[in-house]
Amino acid sequence: MSTTDVDETTTDQDADRAGEQHTDQLELAARAELLEKENQRLRAEYTRARQSQYHRTAAGLALIGILAVGGGLLFPDGRNVLFALAAVGVFGGVLTYYLTPGTFVAADVSERIYAALAANEAAIADELGLGDTHIYLPGADEFGPRLYVPQQTSDDLPDDLEGPILTDPDHRGLALKPTGATLFDEFKRTLTADLVTTPEPLATQLTDGLVEQFELVDSAESDVDLTASRATIAISDSAFGDVNRFDHPIASFLAVGFAAGLEQPIHLAVTPGDERSDWLVTCRWDTETSEETAATIETEESATNNTENEGDESEPVSK
């Protein structure tokens, strides 16, 4: 075989390979387009399904209102109550129908977005040689709440939290905006009363927010120990997966909330739960402040008991 024939054969083989690669690229592009269309269709179906659920709820409320009107006409004795129920049903149905959200984001989609961010932040912390200590600082300056991850555990906290990477020799580490900061801002905006500043009722407020307002967990039970200066919240069925990951929204929200309510740094630790819960989120604060809080609560309770006892005393009845 001549050199010319070899060159022609090589050229033909290269052309065949290039043609095959081009075909593979076209097939991959077509598959990607099909997958994108399928994802769009599934998202649209999910949105329609959720909207249909809201619409069925609205129809059910309106039906209750109509039945209550009919009952009020048939039973004059209970007319006031039935007409009030009818008004509530119809009004609730109208609100539910017109306030139905137009866009829904599935929990697993949000969890995957958070998982990528958590993995990146954890990788940066590992690369910088930082420890496992996570301290949530209250927003006492223009930077707002901060998550401080120090290189070395110390009782001293940095004064400058501009971050995100702290290079001070005494306070090397990360100073990040916590994931739970914006959640806590929304939580405060919807509170009907002021944020409490004592541990036990504060824990109740925050756990109610997780379950009732944000629906991030199915259940959250708090256990506050003032002597040990800690609050442990048992979490079950997290909507964002494993809670022991870097700055998890559920744990971050609790830590930011305690830091804001108690106005002091909060040390966060997350451990696996037991047969009654999936995860245990523990928030610890300064012991001296806890002792002052316990003394204040004890003083208030003593004053309340004394007032009640004085109210119970009656003047002697004259004969």
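Here, every reference points to the structure presented above.
Quick notes on the rules
- Residues numbered from 1 in each chain as written.
- Predicted model: local features only at pLDDT ≥ 70, side-chain atom pairs only at ≥ 80, totals over all residues.
- Heavy atoms only, no water.
- Helix = DSSP H or I, 4+ residues; strand = E, 2+ residues; numbered from the N terminus.
- Contact = heavy atoms within 4.5 Å.
- Areas by Shrake-Rupley, 256 points an atom, 1.4 Å probe, with all protein chains shown as cover.
- 1 Å grid on protein atoms, 1.4 Å probe; cavity = no way out; pocket = protein on both sides within 12 Å on 5 of 7 lines; lining within 4 Å.
- Points joined across faces, edges and corners; volume = space filled by probe spheres on them.
- Nonpolar A, V, L, I, M, F, W, Y, C, P; charged D, E, K, R; others polar.
- Expected span 1.5 Å × (residues − 1).
- Buried < 20%, exposed > 50% of the residue type's maximum accessible area, 1.4 Å probe, protein only.
- Axes fitted to C-alpha atoms, helices over the stretch in contact; angles between N-to-C directions.
- Left-handed = near helix turned anticlockwise from the far one by under 90°.
- Parallel < 35°, antiparallel > 145°, perpendicular 65-115°, else oblique.
- Pairing = 2+ DSSP bridges.
- Patch = residues over 30% accessible without salt bridge, like charges linked within 9 Å, V, L, I, M, F, W, Y side chains within 5 Å.
- Salt bridge = Lys/Arg side-chain N within 4 Å of Asp/Glu carboxyl O.
- Lys, Arg positive; Asp, Glu negative; His and termini not counted.
- Charge placed at Lys NZ, Arg CZ, Asp CG, Glu CD.

J.: What is the right way to look at the overall build of the chain in this model?
T.: Along its length, the chain carries 7 helices and 8 strands. Of all intrachain contacts in the chain linking residues separated by at least 6 positions in sequence, the fraction that spans at least 24 positions is 57%. In the structure as shown, the chain presents an accessible area of about 20,600 Å², 52% of it carried by carbon and sulfur atoms.

J.: Sorry if this is basic, but what is going on with the layout of surface pockets here?
T.: With a probe scaled to a water molecule rolled over the atoms, the places where space remains empty come into view. The volume enclosed by the second largest pocket comes to roughly 330 Å³. Surrounding the second largest pocket, 16 residues form its lining, Asp132, His134, Asn244, Arg245 and Phe246 being those nearest its centre. Of all the secondary structure elements, the ones that give two or more residues to the lining of the second largest pocket are helix H3 (107-127) and strand E7 (266-272). Split into classes, the residues belonging to the lining of the second largest pocket amount to 9 nonpolar, 3 polar and 4 charged.

J.: Would you mind showing me how to read helix H5 (residues 199-213) here?
T.: Since the α-helix advances by 3.6 residues per turn, residues separated by three or four positions end up pointing in the same direction. Here H5 is 15 residues long and its end C-alpha atoms lie 20 Å apart, about the 21 Å a rise of 1.5 Å per residue gives. If you check which residues of H5 are buried, you get Pro199, Leu202, Ala203, Gln205, Leu206, Thr207, Gly209, Leu210 and Val211. Glutamate 215 sits one or two positions beyond H5 and adopts a positive phi of about 55°.

J.: How should the packing of H5 against helix H6 (residues 249-262) be read in this particular structure?
T.: The angle between the axes and the distance between the axes are what describe a pair of packed helices. Between H5 and H6, the least distance of the axes is 10 Å, while the angle of their chain directions is 145°. Crossing of H5 against H6: the hand is right-handed. Contact with H5, carried on its side by Pro199, Leu202, Ala203, Leu206 and Leu210, involves Ile250, Phe253, Leu254, Gly257, Phe258, Gly261 and Leu262 of H6 and no other residues of that element. Residues belonging to the contact of H5 with H6 are distributed by class as follows: 10 nonpolar, 2 polar and no charged.

J.: When you look at the packing of helix H4 (residues 180-189) against H5 in this model, what are you seeing that I'm missing?
T.: Orientation of H4 relative to H5, taken along the N-to-C sense of each, is 95°, at an axis distance of 11 Å. Looking at the two axes, H4 sits roughly perpendicular to H5. Between H4 and H5, the contacting residues are Phe184, Glu186 and Phe187 on the first element and Gln205, Leu206, Gly209 and Gln213 on the second. Looking at the contact of H4 with H5 residue by residue, the classes come out as 3 nonpolar, 3 polar and 1 charged.

J.: Would you mind going over the sheet that holds strand E5 (residues 217-225) with me for this structure?
T.: Strand-to-strand pairing in sheets goes through backbone hydrogen bonds, with the strands running parallel or antiparallel. Taken together, the 8 strands give an open sheet; going across it, the order is E3-E4-E2-E1-E7-E8-E6-E5, and neighbouring strands pair in antiparallel fashion. What marks the edges here is a single partner per strand, and that holds for strand E3 (165-168) and E5. If you compare each strand with its neighbour and ignore which way they point, the axes differ by 25° on average. In this structure, strand E2 (residues 146-150) lies alongside strand E4 (residues 171-176), joined through 4 bridges in antiparallel fashion. In the sheet register, valine 149 faces E4, and the bridge partner there is leucine 174. Across the sheet, H5 touches E5 and strand E6 (230-238), and the angle it forms with E5 is around 170°.

J.: I would appreciate a short explanation of a negative patch on the surface in the present structure.
T.: A cluster of acidic side chains, namely Asp155, Asp156, Asp159, Asp160, Glu162, Asp168 and Asp170, defines a negative patch on the protein surface. Relative to the elements of secondary structure, aspartate 170 occurs in the loop between E3 and E4.

J.: Even after reading the chapter, I still don't get the pattern of salt bridges, so can you show me in this structure?
T.: Close approach of charged atoms allows side chains of opposite charge to pair. Following the criterion strictly, the structure yields 4 salt bridges and no others. Put simply, aspartate 223 and arginine 230 hold a salt bridge, and the shortest N to O gap is 3.6 Å. The buried category is assigned to arginine 230, whose relative accessible area is 16%. When the shortest N-O distance is used, the salt bridge between aspartate 225 and arginine 230 registers 4.0 Å. Aspartate 225 gets classed as partly exposed once you look at its relative accessible area, which sits at 27%.

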